Amino acid sequence: MSKVILGDYKANPIIDKKSKTKTGKKLWNIFIECFGVLATLAIFGIPFYFVVINAFKNTQESSLLNMKWPSSFHLMENIQEVITARDGMIIRAFFNSAMITGLSIILLIILGAAAGYVLQRKVTKVTPFFNFLLLAGLIIPPAVVPTIWVLQEIGLFKTLPGIVLIEVALNLPFTIILYRGFMVTIPRSLDEAALIDGCGRFRLFFNIILPLLKPVSATVIVLTAVSVYNDFVNPLYFFPGAENATLQLTLYNFMSMYITKWNLLFTNVLLISIPPLILFIIFNKKIVAGMTAGSVK
Amino acid sequence: MNKLANKTYTYYFLLPAGIVYFVFFLLPTIMSLFFSMTWWTLTDWEFIGLENFKTFLSEPSLNIGFKNTLIYAVVTSGLKVILGLLLGVYLSSKLKTVGFIRSMIFFPTLLSTIAVGIAFTMMMHPSQGIINIVLSGLGIVGPDWLGDTDIALLSVALVDVWKGVGMATVIFIAGIMSIPQDYYEALKIDGGNAWHNFKSIIIPLSRPAMNTVIILSFIGGLRSFDLIWTMTKGGPGFSTDLIASIIYKQYQAGFFGLSTAGNVILFILVSALAFPLYSYLNKKEVDL
């Protein structure tokens, strides 16, 4: 899949072979390219530019909500003000978000890989039932208040482990499907050879299979990072309270707090978008490949 | 070897994942069926039968959620399929700027919904927002995007498409690029043009990609909450309330039984539409 997207591919000939003469074809291509770039800049570039440029302004200028070049630059002051707001709430939120994301990733890799491994290797009468559970996990919207009730009963409501376990439970089905899909490419003869050499079943998984699953684990890391970091709904329900803010919750709260200071709101939007941007720059192709993995057979 | 394999691949490996899945997802889902029929305060409950469901279906401020949720899901998934397919065709060509355009279109997928919602709420401001300023420059009087009850839902749906079309596009690109070149060559020999390429090769052979986009975006649309909550909070009035936002409002108001009933209704609606759609699309795939 990644190979296909990375460029070693076969293009469709719809756009390239419009005209029969060579110069005609060239002109047509230039026109098509210019049109595409301009349209993309207008539809996708302008909103990015709008947020960035307003984060540079002072309160007065940003209240005009226009895209004019700022008369003076205030980004550093704005960042400072956002960070110190409410006793450095955003710092605490950053710590919480990082913890939740990191722990969810670790748990998802271990639990997901173990489950995907067995589900691919062992096919029995109950396999269709497991498949149904995986599909149900992808489709069914989680029940909110009963989940809060369960969390309260076991004393995990409004706690970090509680929200982590929720994120893991909701992201597990897709993670397991990814691992199960990749297991097909690891030959069974490898397992057999290891067993004959006297390898135990747990060592087989942890020392031989798990390291071979690295490519999927990389995908799981990137996908979980994006989905858990950006998650708003679950922390809103299961991790409420000022102490427990995540970055998305702080941004949401600042929306009503900065109703007249839009430059600070845009600065906050900008700060929160930096981690995804870094991830995107480093893992661009990995993300695209991971997100489309398993979807197109 | 079979016996050995049975011992090696023990279901014990499933246990940790199974426990987390059961306790934090399956159990609450099953409990919701019961608690939706109660008057509930989290510590105490009283069985009231189907009363909550009756309230949900009869109260106009609650049952507007059905209509809105369906409109929202159909509009967002429909636009994502059409635009994603066209962009997919465009971006799987040999043009030089493809990488740049694809990155720009895909990047919003990774941004937080709240951030996107805030930016567009500002841009859709009726008098100061840049969208209307640009429109008035063209001599058009722009509408009050989020304040007009007739179009507010569609405005939010458009923002959803803006954020999500990149995902649909890369799935289509992957699907289109896996089509063997021979088909195009065969069609060329038969004298087919670009339209024939699109109609007879790309559409039928990118079918698996299309099915994925339809299912992902339709289910996503039905369950959608964050964007509408950031941009309109269900308003003006109740005109943009989705089932998911009603669930949150009832939860906030302390009507836990009613909120859970909303959850069960959403659960039934999503399952009733998604499972048949899933098997229907899969069947069609086999027929090809």
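Residues numbered from 1 in each chain as written. Chains lettered and ligands numbered in written order. Predicted model: local features only at pLDDT ≥ 70, side-chain atom pairs only at ≥ 80, totals over all residues. Heavy atoms only, no water.

Points about the packing of aromatic side chains
The final tally for this structure, using the stated rule, is 37 aromatic pairs over all chains. Across the ring face of B:Tyr11, the terminal group of A:Lys122 is positioned such that the distance to the ring centre comes to 4.5 Å. Here the guanidinium or amino end of B:Lys233 rests over the ring plane of B:Trp229, the centre of that ring lying 5.9 Å away. (Phe/Tyr/Trp six-rings, centres within 6.5 Å; stacked < 30°, edge-to-face > 60°. Lys NZ or Arg CZ within 6 Å of the ring centre and 35° of its normal.)

Some points on empty space enclosed by the protein
It is a probe the size of a water molecule, rolled over the atoms, that shows where empty space is left. Counted by the stated rule, this structure contains two cavities of 30 Å³ or more. Lining the largest cavity, in full, are A:Ser97, A:Ile100, A:Thr101, A:Ile163, A:Glu167, A:Val228, A:Tyr229, A:Asp231, A:Pro235 and A:Thr246. Elements with a contribution of two residues or more to the lining of the largest cavity: α4 (75-121), α7 (160-183) and α10 (214-229) of chain A. Per element, the largest residue contribution to the lining of the largest cavity is three residues, and it comes from α4(A). Tallied by class, residues from the lining of the largest cavity come to five nonpolar, three polar and two charged. In terms of lining residues, the second largest cavity is bounded by A:Pro142, A:Ala143, A:Thr147, A:Ile166, A:Leu170, A:Phe238, B:Phe24, B:Phe25, B:Pro28 and B:Thr29. Elements supplying a minimum of two residues to the lining of the second largest cavity: α7 of chain A together with α2 (15-35) of chain B. By residue number, the principal contributor to the lining of the second largest cavity is α2(B), which donates four residues. (1 Å grid on protein atoms, 1.4 Å probe; cavity = no way out; pocket = protein on both sides within 12 Å on 5 of 7 lines; lining within 4 Å. Points joined across faces, edges and corners; volume = space filled by probe spheres on them. Helix = DSSP H or I, 4+ residues; strand = E, 2+ residues; numbered from the N terminus. Nonpolar A, V, L, I, M, F, W, Y, C, P; charged D, E, K, R; others polar.)

Here we look at the layout of surface pockets
Estimates place the volume of the second largest pocket at around 1000 Å³. If you go around the second largest pocket, you meet 35 residues; those closest to its centre are A:Ala39, A:Ile43, A:Phe44, B:Leu83 and B:Trp162. Here the lining of the second largest pocket takes nine residues from helix α2 (residues 22-55) of chain A, the largest share from any one element. Broken down by class, the residue content of the lining of the second largest pocket amounts to 33 nonpolar, two polar and no charged.

So, the UniProt feature "domain: ABC transmembrane type-1" (unreviewed entry) in chain A
Within the UniProt annotation, "domain: ABC transmembrane type-1" (unreviewed entry) is assigned to residues 94-283 of chain A. For residues 94-283 of chain A, the helix share is 79%, the strand share is 0%, and the end-to-end C-alpha distance is 21 Å. (UniProt positions renumbered as here; feature names shortened; annotations may be inferred.)

Side note on the pattern of salt bridges
Residue and element names in this part refer to chain A. Summed over all chains, the structure comprises four salt bridges over all chains. Glutamate 81 serves as the salt-bridge partner of lysine 261, at 3.7 Å between the closest nitrogen and oxygen. Highlighted residues: lysine 261 in the loop between α12 (247-257) and α13 (262-272) and glutamate 81 in helix α4, separated in sequence by 180 residues. Since its relative accessible area comes to 35%, lysine 261 is described here as partly exposed. (Salt bridge = Lys/Arg side-chain N within 4 Å of Asp/Glu carboxyl O. Buried < 20%, exposed > 50% of the residue type's maximum accessible area, 1.4 Å probe, protein only.)

What about the interface of chain B and chain A?
With 101 residues of chain B at the contact, the number on the chain A side is 108 residues. Both sides together, the interface formed by chain B and chain A hides about 9700 Å², and carbon and sulfur atoms give 76% of it. Where chain B packs against chain A, one counts zero salt bridges. At the boundary of chain B with chain A, the tally comes to 15 residue pairs in polar contact (both at pLDDT 80 or more). It is α2(B) that provides the largest number of residues to the side of chain B that touches chain A, a total of 14 residues. Taken together, the residues of the side of chain B that touches chain A sort by class into 70 nonpolar, 22 polar and nine charged. (Contact = heavy atoms within 4.5 Å. Buried area = accessible area lost by both parts, 1.4 Å probe. Polar contact = N/O pair within 3.5 Å; in protein donor to acceptor, adjacent residues only side chain to side chain.)

Remarks on the environment of B:Ile201
Residues and elements named next belong to chain B. Looking at where isoleucine 201 falls in the secondary structure, it is placed in helix α10 (residues 194-205). For the pair isoleucine 201 and proline 180, spaced 21 residues apart in sequence, the C-alpha separation works out to 10.0 Å. Setting aside anything within four residues of it in sequence, one finds isoleucine 201 in contact with Ile179, Tyr183, Tyr184, Leu187, His196 and Ser206.

Regarding the environment of A:Leu279
Relative to the elements of secondary structure, A:Leu279 occurs in helix α14 (residues 274-292). In this structure the C-alpha to C-alpha distance between A:Leu279 and A:Val226, which are 53 residues apart in sequence, comes to 8.6 Å.

Observations concerning the UniProt feature "transmembrane region" (unreviewed entry) in chain A
All names here are of chain A. Sequence positions flagged by UniProt for "transmembrane region" (unreviewed entry) are, in local numbering, residues 27-50, 94-117, 129-151, 163-183, 204-229 and 262-283. Here residues 129-151 runs as 83% helix and 0% strand, with 26 Å between its end C-alpha atoms. With 95% helix and 0% strand, residues 262-283 has end C-alpha atoms that lie 32 Å from one another.

Concerning the domain arrangement of chain A
Many structure descriptions define interface size as the accessible area lost when the parts assemble. Residue and element names in this part refer to chain A. As far as domains go, chain A holds domain 1 (8-62) and domain 2 (75-292). A C-alpha centroid distance of 33 Å is found between domain 1 and domain 2. Across the boundary between the two partners, domain 1 contributes ten residues, which contact ten residues of domain 2. A combined buried area of about 810 Å² lies between domain 1 and domain 2, and 68% of that area is made up of carbon and sulfur atoms. When the buried area of domain 1 at its contact with domain 2 is split by residue, Val51, Ala55 and Thr59 rank highest and sum to 51% of it. Inspection of the domain 1/domain 2 interface yields zero salt bridges. When contributions to the side of domain 1 that touches domain 2 are tallied by element, the ones reaching two or more residues are α2 and α3 (59-62). Among the elements that line the side of domain 1 that touches domain 2, the one with the most residues is α2, at five residues. Looking at the side of domain 1 that touches domain 2, its residues break down into five nonpolar, four polar and one charged. (Domains from an automatic or database assignment.)

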